[in-house]
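Analysis of the macromolecular model
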Amino acid sequence: MVIRNSISSTKGNLWLFWNNSLAIPKVVSISSQMITVSIDDVLVSGVHDHVKKIKRKFLWSEMETISEFQKPWIVLGIFNAIISPDEKVGGIPKQKNVPWRFQKMWIDHPSFLSKVKKVWSEPIIGDPAFIFMQKLKKLKKFLSEWNWSVFANVHTKIKEAEDKVKSAMKLSDKNPFDESLMDKLVEAQNEHANREVQANTLMRLKSREKCIIDGSTNTGYFHAKMKIRQAKNLISELEDSNGNIICEQSQIADSLVQYFQQKFEAQEVNI
């Protein structure tokens with residue numbers, strides 16, 4: 001006997017087989033991503049999660065409903081989700097030669113050099129070439145994590161700095177003779193200025209424009225250049241073999257895959 005989630009319009013991606021010597025399972029729910037059955041008051045679910053994050057939310061909602069039965073529950077299958085790239089098996093391999101970029105805005109951070117010095121001075125045992133390569137690896141990993149924790153989303157940081165300036169300005173206006181409040185206002189303004197410089201530097205690097213006068217007014221220009229470059233790399237429509245114009249991105253992708261599969265599939269050769 002077999003239970004599957006196929007319907008008339010689509011092929012199934014989940015099949016449940018069981019031994020005739022076992023109790024016949026009772027179907028609890030069937031969907032495009034999960035089959036759940038009950039066997040001797042124990043729930044068993046077979047999962048094949050969708051690759052798109054937005055569609056995986058439907059599975060989590062379904063699992064939340066199943067959990068309300070408050071019964072022993074075994075979940076088996078593929079969730080198409082990983083905690084880190086190291087867990088990935090199969091599919092498109094992780095690119096090994098992706099260039100690692102040093103960000104110029106790091107240099108302007110007051111603790112950058114001391115952080116680099118601390119990581120570089122950590123002892124490593126081995127020959128000079130091994131020590132040098134290991135230090136580079138450790139420094140690269142540290143800078144990636146440090147960049148995320150310190151800079152994160154630059155534009156969010158700018159908004160936070162603006163709020164700090166407004167708050168410090170209100171307090172200073174209420175107590176104009178309080179030097180400590182004035183110092184906090186100056187500190188907040190300096191932080192805001194530094195964040196704008198960081199955003200400006202990052203946008204200039206991403207937009208590949210190097211001959212632009214520095215200044216926060218250039219940010220809009222850099223965003224425009226980035227969008228133009230992204231638009232050039234996007235296939236917005238495609239004509240298939242039947243002369244139909246396809247605009248949906250998922251259909252364009254399916255059409256391209258089908259074309260190259262047919263082009264490079266094995267052909268019988270008569271010798």
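What comes next concerns the included structure. Residues take numbers from 1 onward in each chain, read along the sequence in its written order. Totals for whole chains, interfaces and linings use every residue, but because this is a predicted model, local features are given only for residues with pLDDT of at least 70 and side-chain atom pairs only at 80 or more, for both listing and counting. Just so you know, side-chain values use all the structure's heavy atoms and leave hydrogens and water out.

Right, let's talk about the packing of aromatic side chains for a bit. Between two aromatic rings, the relevant description is the distance of the centres plus the angle of the planes. Two aromatic rings from Phe, Tyr or Trp, using only the six-membered ring of Trp, form a pair when their centres are within 6.5 Å; if the ring planes differ by under 30 degrees the pair is stacked, by over 60 it is edge-to-face, and anything between is tilted. Per the stated rule, a full pass over the model turns up five aromatic pairs. Ring centres of Trp-60 and Phe-79 lie 5.8 Å apart, and the angle between their planes is 20°; on these two criteria the pair is classed as stacked. Pair noted here: Trp-60 is in helix α1 (residues 53–67) and Phe-79 is in the loop between β6 (73–78) and α2 (112–120), with a separation of 19 residues, a long-range link. Given a relative accessible area of 25%, Phe-79 falls into the partly exposed group. Their ring planes at 35° and their centres at 6.5 Å tell us that Trp-106 and Phe-112 sit as a pair that is tilted. Take Trp-106 and Phe-112: they sit in the same class, and that class is buried. Through a chain of ring-to-ring contacts, the aromatic side chains of Trp-106, Phe-112 and Trp-146 assemble into a single cluster. Helix and strand assignments come from DSSP, with helices taken as H or I runs of at least 4 residues and strands as E runs of at least 2, each series counted from the N terminus. Think of it in three bands: with a 1.4 Å probe and only protein chains considered, a residue is buried below 20% of the maximum accessible area for its type, exposed above 50%, and partly exposed in between.

Take the pairing of strand β4 (residues 34–39) next. With five of its six residues buried, β4 lies for the most part within the structure. At least two bridges found by DSSP between two strands is the condition for calling them paired. In this structure, the hairpin formed by strand β3 (residues 26–30) and β4 is closed by a connection of three residues. Judged from the six bridges that link them, β4 and strand β5 (residues 42–48) form a sheet pairing that is antiparallel. What sits directly across from Ser-38, in β5, is Leu-43.

Moving on: the pattern of salt bridges. One side-chain nitrogen of Lys or Arg within 4 Å of one carboxyl oxygen of Asp or Glu is enough to make a salt bridge. Per the stated rule, a full pass over the model turns up two salt bridges. One salt bridge in this structure joins Asp-41 and Lys-71, with 3.1 Å as the shortest N-O distance. You can see Asp-41 sitting in the loop between β4 and β5 and its partner Lys-71 sitting in the loop between α1 and β6, a full 30 residues away along the chain. Since its relative accessible area comes to 48%, Asp-41 is described here as partly exposed. By relative accessible area, which is 33% here, Lys-71 ends up partly exposed. Of the charged contacts, one joins Lys-138 and Glu-122 as a salt bridge, the two residues approaching to 2.5 Å between their closest N and O atoms. One end of the pair, Lys-138, is in helix α3 (residues 128–150); the other, Glu-122, is in the loop between α2 and α3, and 16 residues separate them in sequence. On the basis of relative accessibility, which here comes to 34%, the residue Lys-138 falls in the partly exposed class.

Next up on the list: α2. Among the residues of α2, Phe-112, Val-116 and Val-119 are the ones counted as buried. The buried residues of α2 occupy one face: seen down the axis, they fall within an arc of 65°. Exposed residues pointing more than 90 degrees away from the buried face of α2 are listed as Leu-113, Lys-117 and Lys-118. Tucked inside the fold, the buried residues of α2 contact α3. This arc is taken over the directions from the axis of the helix to the C-beta atoms. Residue contacts are counted whenever heavy atoms from the two residues lie within 4.5 Å of one another.

There is a patch of like negative charges on the surface, built from Asp-178, Glu-179, Asp-183 and Glu-187. A relative accessible area of 53% means that Asp-183 is categorised as exposed. Grouping into patches uses exposed residues only, defined as over 30% relative accessible area, and leaves out salt-bridged ones; the cut-off is 9 Å for like charges and 5 Å for nonpolar side chains (Val, Leu, Ile, Met, Phe, Trp, Tyr). Surface accessibility follows the Shrake-Rupley procedure with a 1.4 Å probe radius. Residue values consider only the protein chains on display as shielding. Residues scored as positive are Lys and Arg, those scored as negative are Asp and Glu, and His as well as the terminal groups of each chain are ignored. Think of each charge as sitting on NZ of Lys, CZ of Arg, CG of Asp or CD of Glu.

Further remarks concern the sheet that holds β4. A sheet is described by the order of its strands in space; here four strands give the open sequence β3-β4-β5-β6, paired in mixed fashion. Every other strand in the sheet has two partners, leaving β3 and β6 as the edge strands with one partner each. Neighbour-to-neighbour, the strand axes of the sheet open up by a mean angle of 20°, direction not taken into account. Each axis is a line fitted through C-alpha atoms, taken for helices only over the stretch in contact, and angles between the N-to-C directions span 0 to 180 degrees. This element, α1, spans β3, β4, β5 and β6 of the sheet and lies at about 15° to β4.

Here the focus is the nonpolar core. Remark: nonpolar core denotes a set of buried residues (Ala, Val, Leu, Ile, Met, Phe, Trp, Tyr, Cys) joined through side-chain atoms within 4.5 Å. Counting residues in each nonpolar core, the largest one holds nine residues, listed as Met-105, Trp-106, Phe-112, Val-116, Val-119, Leu-139, Leu-143, Trp-146 and Val-150. Those elements giving two or more residues to this core turn out to be α2 and α3. Of all the elements, α3 adds the most residues to this core, at four residues. Beyond its immediate stretch of four places on either side in the chain, Leu-139 contacts Val-116, Val-119 and Trp-120. Formed by six residues, the second largest nonpolar core is a distinct cluster that contains Met-34, Val-47, Leu-59 and Ile-66.

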